[in-house]
Amino acid sequence: MLQLLTPSGDVLGEPPLSVDLTRRLYRAMVYVRTFDRKCAALQKQGRLATYAPFEGQEAAQVGSAAPLDPEDWMVASYRDAAAMWMQGYPWELLIAWRTGDERGGRPPEHVSVLPPSITVGGHMLHAVGLAWSARHFGEERIAITYFGDGATSEGDFHEAMNLAAVYGLGVVFFCQNNQYAISMPRTAQTRSETIAEKAIAYGMPGVQVDGNDLFAVFTATAEAIDRARAGDGPTLIEAVTYRLGPHTTSDDPSRYREESEVEQWRRRDPLERVRIFLSERDAWTPEWQERLETEASTEIERAVELAEGMDGLGPARIFEAMFDELPPHLVDQRAEALRSVGQ
Amino acid sequence: MTTTTERKLTTQKAIAEAIAQEMEADDSVFVMGEDVGVYGGIFGATEGLLDRFGPDRVMDTPISETGFIGAGIGAAINGMRPIVELMFVDFFGVCMDQIYNNMAKIHYFSGGNVKVPMVLTTACGGGYSDAGQHSQTLWGMFAHLPGMKVVVPSNPYDAKGLMISAIRDDNPVVYMFHKGVLGLGWMTPNPRAIGPVPEEPYTVPIGKAAVAREGSDVTVVTVGLTVHRALDAAETLADKGISAEVIDLRSLVPLDREAIVESVKKTHRLLVVDEDYRSFGMTGEVVATAVEGAFDYLDAPPLRVAVPDVPIPYSRPLEQFVLPDADKIVAGVETLMAG
Ligand SMILES: Cc1ncc(C[n+]2csc(CCOP(=O)(O)OP(=O)(O)O)c2C)c(N)n1
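Only a predicted model underlies this, so the values are computations on that prediction, with no experimental measurement involved. (Residues numbered from 1 in each chain as written. Chains lettered and ligands numbered in written order. Predicted model: local features only at pLDDT ≥ 70, side-chain atom pairs only at ≥ 80, totals over all residues.)

## Details of the overall build of chain A
Next, step 1: Regarding its fold elements, chain A presents 14 helices and seven strands.
Next, step 2: Rg of the C-alpha trace for chain A: 21 Å, near the compact-globule value of 20 Å for 343 residues, within the 12% margin.
Next, step 3: For the C-alpha atoms alone, the extent of chain A along its principal axes is close to 70 × 50 × 40 Å.
Next, step 4: Per-residue burial for chain A yields a buried fraction of 50% across its 343 residues.
Next, step 5: Looking at chain A alone, contacts between residues at least 24 apart form 75% of all its contacts between residues at least 6 apart. (Helix = DSSP H or I, 4+ residues; strand = E, 2+ residues; numbered from the N terminus. Rg over C-alpha atoms; globule rule 2.2 N^0.38 Å. Buried ≥ 20, exposed ≤ 12 C-beta atoms within 10 Å, placed from the backbone. Contact = placed C-beta atoms within 7 Å.)

What follows is the structure, encoded as structure tokens:
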């Protein structure tokens, strides 16, 4: 397993990132953690529907998205808001989508991020098609797709891996092995010793990294991206990490795991080791931390206001969002539905 | 005077009890699916079974729906009676080949010789803001495809009896439970989700509808959670002097066409209510049944209340806008009575 920054903040070898870039990515991790906690709180207040928290996986998402070019495609799952934000998806749309407003699923122009996948696994295949079409158009873009350890049991994963390898496409398969798929532990999900080793069967490189180590994640993903961009085909990366929170806000993890296990992983917090690294280089102070947290809260509060302030999605919209042009049966159904509510 | 206290259970507990009793009685019955063991099923349909029967008979599976449904078929062919849970019916997409090209057709393709005595259980339905890939009912689609029986209980008594029938049936049975009828603590409280359930095993026949409420002015045919909505509507209608008969289909395959035709012959009016998409679904089939069997008795063209042909919206108010409810049923009946 590739590790470059230990939980106690020691760098193994030369630091792969400048202090300046490390500070920027640390800042991003503080922002996404603030976002994540805010969303969990909003859900409790009934202002968001179900929410899938990613606390503990910040380094995996921030570190893997950081080396992407802005035009690279990203296809992620429900738990990957941090990676999506890194690739340009605005907070307010990430929030709007989670309030149940489908307009949140429409990326702004020049943001190459698809709406997140809810069924486990299907989206990985889209990354294959995105990379294939990029090659067809002679574009430099690659595609990265995010998924969990559980998703590797779906046929879709294996078919996507095989297709990408067969056609030598520029896809980065980024697995966040957060140890659980709802109640199913990673060890019961697959008998493969690592998820990374599944790459061998498809004829592509597979790398296992400490997913709570920003440096290792960044380094491995940057290499995979370079390989993809150079036309040398796909890579599978397994980021070993941990979901500190519940599967979603309607899950109760005490039904399937011990608090002591969670505590162990808290000690491997992805932010803390970067904080120590920076602090030892006089690049972190408590004041800066406080400022970051305040700025992050303000920015996210503002996004919540924007999302909640979007004018209500009228009932007619659900029909109009269906097709390019509204077909006759939906014209009728829209009229009937609106009549029923006196419109 | 003797008083008997009837034992009451939620629908969820009734399902789990039915499975437990059949597992007790027949060791070829086993359960598999995602989170059915330690978790007891995301909706509690397999609650307590792992502790009682152990991991060989209550198998938590990897997220491989094609894999474990296909394996269930194999085990069924070799004489076991698998109960295989597809966590949400919405996920059928990843495993439909096993369901409709294999589970449903092997009997036919073997000239009626190879039996697949398997129960495919699955949670369906919306109303709790879980968006368009977690809120569909889709039973019309399963009922459309030949080779599977399809049952949809609406209350604890039927849930237990239909589960036992499904397990004992020698054919593949798709057992679809609406999340809203289960009586789960975290859903909107539903008094109709709890009711008397005998402790001993019993069966409810597959293919027989139930008259959930007798009436004489109009027939409301429905299934699943909308049975509760229709019963609520019938109370409102009674106050307005309209007597509505509510038919709970309970099974879509086989469909109890006789019950539909008989009721329509009595009331002369038909409203079909369905939490499935409107087009090409159960509502059309029931209307056709009434037209074929009781055309001369109809005093008004049948009406339907169903989900329009759009995905279930994530937004709470928009979701409520598309789902059938008691008000829409009352309005539908009033339109029929005026016609
Ligand atoms: C096709 C499909 N099957 C099952 C589910 C239900 N489900 C949602 S998330 C999940 C676990 C996914 O685990 P993993 O891939 O490890 O990702 P994580 O949630 O841990 O990030 C399951 C089984 C689903 N959404 N889609």
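The discussion continues.
## With respect to the site of the ligand
Next, step 1: Near the ligand lie 21 residues; those nearest to it are A:V120, A:G148, A:G150, A:A151 and A:A181.
Next, step 2: One finds residues of chains A and B in close proximity to the ligand.
Next, step 3: When contributions to the shell around the ligand are tallied by element, the ones reaching two or more residues are β2 (143-148) and β4 (180-181) of chain A.
Next, step 4: Here the shell around the ligand is composed, by residue class, of eleven nonpolar, six polar and four charged. (Near = placed C-beta within 6 Å. Nonpolar A, V, L, I, M, F, W, Y, C, P; charged D, E, K, R; others polar.)

## What to know about the environment of B:G224
Residue and element names in this part refer to chain B.
Next, step 1: By the element assignment, G224 lies in the loop between β10 (218-222) and α8 (225-239).
Next, step 2: Using a count of 29 C-beta atoms within 10 Å as the deciding quantity, one classes G224 as buried.
Next, step 3: Separated by 26 residues in sequence, G224 and R250 have C-alpha atoms that sit 7.4 Å apart.

## Comments concerning the sheet that holds strand β4 (residues 81-88) of chain B
Residues and elements named next belong to chain B.
Next, step 1: Taken in spatial order, the seven strands line up as β3-β2-β4-β5-β7-β6-β12 in an open sheet, and their pairing is mixed. The two strands at the open ends of the sheet, each matched to only one other strand, are β3 (58-60) and β12 (251-253). Sheet twist, expressed as the mean angle between neighbouring strand axes with direction ignored, is 20°.
Next, step 2: Taken together, the three bridges between strand β6 (residues 149-151) and strand β7 (residues 173-178) define a ladder with parallel strand orientation. (Pairing = 2+ DSSP bridges. Axes fitted to C-alpha atoms, helices over the stretch in contact; angles between N-to-C directions.)

## A short note on the packing of helix α2 (residues 58-65) of chain A against helix α9 (residues 214-229) of chain A
Residues and elements named next belong to chain A.
Next, step 1: For the pair α2 and α9, the least separation of the axes is 8 Å and the interaxial angle reads 35°. Judged by the twist between their axes, the crossing of α2 over α9 is right-handed. Within the contact between the two elements, α2 uses A59, A60, V62, G63 and S64 and α9 uses L214, V217, F218 and T221.
Next, step 2: Split into classes, the residues belonging to the contact of α2 with α9 amount to six nonpolar, three polar and no charged. (Left-handed = near helix turned anticlockwise from the far one by under 90°.)

## A word on the domain arrangement of chain B
All names here are of chain B.
Next, step 1: The domains assigned to chain B are domain 1 (8-196) and domain 2 (210-338).
Next, step 2: The gap between the C-alpha centroids of domain 1 and domain 2 is 26 Å.
Next, step 3: Counting residues at the interface gives 27 residues for domain 1 and 21 residues for domain 2.
Next, step 4: Elements with a minimum of two residues in the side of domain 1 that touches domain 2: α6 (139-144), β6 and α7 (156-168).
Next, step 5: Residues belonging to the side of domain 1 that touches domain 2 are distributed by class as follows: eleven nonpolar, 13 polar and three charged. (Domains from an automatic or database assignment.)

## Considering the domain arrangement of chain A
Next, step 1: As far as domains go, chain A holds domain 1 (19-312) and domain 2 (314-343).
Next, step 2: Distance between the C-alpha centres of domain 1 of chain A and domain 2 of chain A: 36 Å.

## Some points on the confidence of the model for chain B
Next, step 1: On average, residues of chain B carry a pLDDT of 97, and 99% of them reach 70 or more.
Next, step 2: Scoring of the predicted complex yields 0.96 for pTM and 0.93 for ipTM. (pLDDT = per-residue confidence, 0-100.)

## Details of the environment of B:K8
Next, step 1: Tracing the backbone shows B:K8 in strand β1 (residues 8-10).
Next, step 2: When near neighbours in sequence (up to four residues on either side) are disregarded, B:K8 contacts B:I194, B:G195 and B:P196.

## Points about the interface of chain B and chain A
Next, step 1: Opposite the 29 residues of chain B that make contact, chain A presents 34 residues.
Next, step 2: Mapped by element, the contributors of at least two residues to the side of chain B that touches chain A are α11 (316-322) and α12 (326-338) of chain B.
Next, step 3: Looking at which element gives the most residues to the side of chain B that touches chain A, the answer is α11(B), with four residues.
Next, step 4: Class assignment of the residues belonging to the side of chain B that touches chain A gives a composition of 16 nonpolar, seven polar and six charged.

## A look at α7(B)
Next, step 1: For α7(B), which comprises 13 residues, the first-to-last C-alpha distance of 19 Å matches the rise-based estimate of 18 Å (1.5 Å per residue) to within 8%.
Next, step 2: Burial of α7(B) is extensive: eleven of the 13 residues sit out of reach of the surface. (Expected span 1.5 Å × (residues − 1).)

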